[in-house]
Amino acid sequence: MATNCISLPATSNFSLPRRSFAAVTRSSLTDQSQSPSLAAKRHLLRLVSDQDRGLKTQSNPQKLSQIIEAIDSLASIGRGTVTTDKSLSATWRMLWTTEKEQLFIIKNASIFGTSAGDVLQVIDVEQKTLNNVITFPPDGVFFVRSEIQVASAQRVNFQFTSAVLRGKGWEFPLPPFGQGWFESLYIDDEIRVVKDIRQDYLIVERAPYSWKE
């Protein structure tokens, strides 16, 4: 994502709504609790739960190694499954990533007199669209529109088409830039685990709302 230094509207202190990781891990304590996929998912979510969406992991190579190992374990469970069907269409909220551009914006949003809220991927497989979104409550948002094409059972190709920095009553368009692919290594009714063309990782959860432009 672009990191243009453009002033955003000042906001009041924003407390990012956090979904309880414990709620995810307690979601099924029946026979499913013994399944390898649930155990692997619970382990991964525990590892990233205190990592401030990846900011703390940047200075902790040991933790990064542990998280990637946990991702690989979950990916092995998801191997051979289809993750590019209609189950991919959703508003996905970021829990953790290694993507430096997104982490830079999250870390430095205060420079613009604001703070980063939810970071989202909004995917519509049928409409072949992807929006990468960073919110700056209450009124600011930066999003990049993309066209997508399903390439295989787990891979989606994308091409950026436009980008917009928007505040209350104003909007600043930016030129499109870049293309690539991402693979959803694992997906279920709660989370998705992703690896992309640059070997970055992303862990997202299904947001409790649908983001619209």
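About the cut-offs
Residues numbered from 1 in each chain as written. Predicted model: local features only at pLDDT ≥ 70, side-chain atom pairs only at ≥ 80, totals over all residues. Heavy atoms only, no water. Helix = DSSP H or I, 4+ residues; strand = E, 2+ residues; numbered from the N terminus. Buried < 20%, exposed > 50% of the residue type's maximum accessible area, 1.4 Å probe, protein only. Contact = heavy atoms within 4.5 Å. Areas by Shrake-Rupley, 256 points an atom, 1.4 Å probe, with all protein chains shown as cover. Salt bridge = Lys/Arg side-chain N within 4 Å of Asp/Glu carboxyl O. Phe/Tyr/Trp six-rings, centres within 6.5 Å; stacked < 30°, edge-to-face > 60°. Lys NZ or Arg CZ within 6 Å of the ring centre and 35° of its normal. Axes fitted to C-alpha atoms, helices over the stretch in contact; angles between N-to-C directions. Parallel < 35°, antiparallel > 145°, perpendicular 65-115°, else oblique. Left-handed = near helix turned anticlockwise from the far one by under 90°. Nonpolar A, V, L, I, M, F, W, Y, C, P; charged D, E, K, R; others polar. Pairing = 2+ DSSP bridges.

The protein appears in an unreviewed UniProt entry as Plastid lipid-associated protein/fibrillin conserved domain-containing protein from Rehmannia glutinosa.

Caption draft 1: Representation of the overall build of the protein within the structure. In terms of regular secondary structure, the protein is built from 4 helices and 9 strands. Helices (α) and strands (β) of the protein occur, in sequence order from the N terminus, as α-α-α-β-α-β-β-β-β-β-β-β-β. Across the 213 residues that make up the protein, the buried fraction comes to 49%. Taking the intrachain contacts of the protein between residues at least 6 apart in sequence as the baseline, contacts between residues at least 24 apart amount to 60%. Looking at the protein as shown, the accessible area adds up to about 10800 Å², and 51% of this sits on carbon and sulfur atoms.

Caption draft 2: Representation of the pattern of salt bridges in the model. Counted according to the given criterion, the structure contains 9 salt bridges. The shortest N-O distance in the salt bridge between Lys41 and Asp188 comes to 2.8 Å. Pair noted here: Lys41 is in helix H2 (residues 36–48) and Asp188 is in the loop between strand S7 (179–187) and strand S8 (191–196), with a separation of 147 residues, a long-range link. Exposure remark for Lys41: the relative accessible area of 4% places this residue in the buried category. Shared partners join several salt bridges into a network, and the residues in it are Lys41, Asp188 and Glu190.

Caption draft 3: Quick peek at the packing of aromatic side chains. As enumerated under the stated definition, the model contains 3 aromatic pairs in all. Ring centres 5.2 Å apart and planes at 50° place the aromatic pair Phe158 and Phe160 in the tilted group. Site record: aromatic cluster; members linked through ring pairs are Phe158, Phe160 and Phe182. Above the ring of Trp181, the side-chain terminus of Arg155 is found at 3.6 Å from the ring centroid. One cation-aromatic arrangement involves Arg192 over Trp92; the distance from NZ or CZ to the ring centre is 4.8 Å.

Caption draft 4: Structural context of unusual backbone geometry. In this structure, the amide linkage connecting Pro137 to the following residue, Pro138, adopts the cis form with an omega of 5°. If you trace the backbone, Pro138 turns up in the loop between strand S3 (129–136) and strand S4 (140–150). Positive phi, normally seen in glycine, also occurs at Gln199, with a value near 65°. With respect to the helices and strands, Gln199 occurs in the loop between S8 and strand S9 (201–206). For Gln199, a relative accessible area of 44% gives the class partly exposed.

Caption draft 5: Up close: the packing of H2 against helix H3 (residues 61–78). At a minimum axis separation of 9 Å, H2 and H3 run at an interaxial angle of 160°. As the angle between them shows, H2 and H3 are arranged roughly antiparallel. When you trace H2 past H3, the crossing you get is left-handed. Each of Pro36, Ser37, Ala40, Lys41, His43, Leu44, Leu47 and Val48 in H2 lies in contact with H3, whose residues at this interface are Lys63, Gln66, Ile67, Ala70, Ile71, Leu74 and Ile77. Here the contact of H2 with H3 is built from residues that sort into 10 nonpolar, 3 polar and 2 charged.

Caption draft 6: The arrangement of the pairing of S3 in detail. Counting buried residues along S3, 7 of its 8 residues qualify, which places the element largely inside the surrounding structure. For strand S2 (residues 119–124) and S3, the ladder comprises 6 bridges, and the chain directions are antiparallel. Residue pairing for S3: Gln121 is matched across the bridge by Asn132. In textbook terms, the turn of a hairpin is the stretch between consecutive antiparallel strands, and for S2 and S3 this stretch comprises 4 residues, one of which, Lys128, has a positive phi near 60°. Judged from the 8 bridges that link them, S3 and S4 form a sheet pairing that is antiparallel. Opposite Val133, over in S4, you have Phe143 as the bridge partner. Here S3 folds back onto S4 in antiparallel fashion, the turn holding 3 residues.

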